[in-house]
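Working through the structure, step by step
Residues per chain are reported as follows:
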Amino acid sequence: MAQEESFEDVLLSVIEPLLEGLRVFERSSRYLGPATTDSICSELLKTRQNLRAASAYLREADWLPEAQPIRDLVSEAYRVALRGLESLDEVGKGANDMLSLYRTLGARARVCEAIYPLATHFSLVHRYFLDSRKQDIPRSKVSVVDNVEGLRGIHQVENDRKQRGGFSLYIPESYEAERAYPVVFALHGGSGHGSTYLWSWLRTVRTEELVLVSPTSVGGTWAIMGPDQDSPNLHRILDSVRGIVNIDDTRLLLTGMSDGGTFTYVSGCTDDSPFTHLAPCSASFHPMLIEMMSKDRLRDLPICITHGALDWMFTVDIAQTAEYAFSAAGANVFYREISDLAHTYPEDANPELVDWFLAGDL
């Protein structure tokens, strides 16, 4: 290692810019819309410049031999971040700048995958994967003995990026078999994938010690119309998770973004749905859906509807109509209209959603 710098200095030199880059990715995703593409592109270009400069500290000669596994993880994170940021060069050259930005922002999930194993070792990374209101939760390293059969942490079950119908699973690092855990089923948007959408919820479920299931639709998106292949698959996945961990059947949240939110209505309101709470976000809705739903199922059903006032794909009046229709049908509706939200998932709103999900008795 270079004499003038300690290992800790080198580590901070690469970790801090990377985490700041991830925060820029988050903000960009949170506020992305047709009116914000220029400002978001400008901020992402600065991030690319910063990461390129910081990547100089990834030289193998600057790292202790025993720290090479750490360097490999961080190097992979930089590789996928910078590769994703290359799509910025396409902005302004075609008809769809937002598509290029979505492609860039899609790199965030792979960066998170690369560095998440460091969360049990380094406080900076640990705190990044916690909600902002609970940053004082201590870091704990799960030993091989405690983590029987590798149960705790993130698992991909027939869910690599080329597979459909599988699921990503998170089991809290603090998992205890004697305790029953609430479960969040989080459904991705159209053309999305569970292994990517997992990161929209990981921070909150890790903070609150919840089990997270992030399934992938059987087809290219959820079965909003036509034969429903997805509901039976969700039920099968839930049964599979029951066989792995001890879950609280009185706290089963089905939530989703965009097409995933619409399918939350379609699947979650059926009589055979096992889910106790529904939380569609930025979803489409038609009042005719209510006519096809069981009045007994809807009565007192807890539903949290979240929508952005700036949503450019499904305008906010759709959510207002849904609030009225479900309330009139007897559901227990908690409505959240977010003034600065476009058609994106508001991760910063997850803590309030979980508070609602865990509060009180059914």
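Right, let's walk through the structure included here. (Residues numbered from 1 in each chain as written. Predicted model: local features only at pLDDT ≥ 70, side-chain atom pairs only at ≥ 80, totals over all residues. Heavy atoms only, no water.)

1. Structural notes on the sheet that holds strand β6 (residues 277-281)
Across a sheet, paired strands are connected by hydrogen bonds in the backbone, their directions being either parallel or antiparallel. The strand order across the open sheet built from eight strands is β1-β2-β4-β3-β5-β6-β7-β8, with neighbouring strands paired in mixed fashion. Of all strands in the sheet, those with a lone pairing partner are β1 (153-157) and β8 (332-338), marking the two edges. Taking the axes of each pair of neighbouring strands and ignoring which way they run, one obtains an average angle of 15° across the sheet. Strand direction decides the pairing type here: strand β3 (residues 181-187) and strand β4 (residues 211-215), joined by three bridges, are parallel. Within β4, the residue paired with Val 183 across the bridge is Val 211. In this fold helix α13 (residues 316-328) packs onto β7 (302-308) and β8, with an angle of close to 165° to the strand it touches most, β8. On the sheet, helix α14 (residues 350-358) packs against β3, β5 (247-257), β6, β7 and β8 and is oriented at approximately 145° with respect to β5. (Pairing = 2+ DSSP bridges. Helix = DSSP H or I, 4+ residues; strand = E, 2+ residues; numbered from the N terminus. Axes fitted to C-alpha atoms, helices over the stretch in contact; angles between N-to-C directions. Contact = heavy atoms within 4.5 Å.)

2. Side note on the environment of Pro 172
Examined against the element boundaries, Pro 172 turns out to sit in the loop between β2 (167-171) and β3. Note: C-alpha distance between Pro 172 and Thr 250 (78 residues apart in sequence) is 19 Å. Setting aside residues up to four positions removed in sequence, Pro 172 forms contacts with Arg 152, Tyr 181, Glu 209, Leu 210 and Val 211.

3. Focus on unusual backbone geometry
Look at Glu 158: it is not a glycine, yet its phi comes out positive at around 50°. Residue Asp 300 is not a glycine yet carries a positive backbone phi of 65°. Note on placement: Asp 300 falls in the loop between α12 (295-298) and β7. Accessibility expressed as a relative area gives 56% for Asp 300, which makes it exposed. (Buried < 20%, exposed > 50% of the residue type's maximum accessible area, 1.4 Å probe, protein only.)

4. Overview of the packing of aromatic side chains
Inspection of the entire model under this criterion finds 12 aromatic pairs. When the ring of Tyr 197 is compared with that of Tyr 345, the centres are 5.8 Å apart and the planes differ by 70°; the resulting orientation is edge-to-face. Residue Tyr 197 is found in helix α7 (residues 194-197), and its partner Tyr 345 is found in the loop between β8 and α14; the two are separated by 148 residues along the sequence. With respect to burial, Tyr 197 and Tyr 345 carry one shared label: buried. Ring-pair connections join several aromatic residues into one group, and the members of that group are Tyr 116, Tyr 128, Phe 129 and Trp 199. Over the ring of Tyr 128 we find Arg 203; its NZ or CZ atom is 4.6 Å from the centre of that ring. (Phe/Tyr/Trp six-rings, centres within 6.5 Å; stacked < 30°, edge-to-face > 60°. Lys NZ or Arg CZ within 6 Å of the ring centre and 35° of its normal.)

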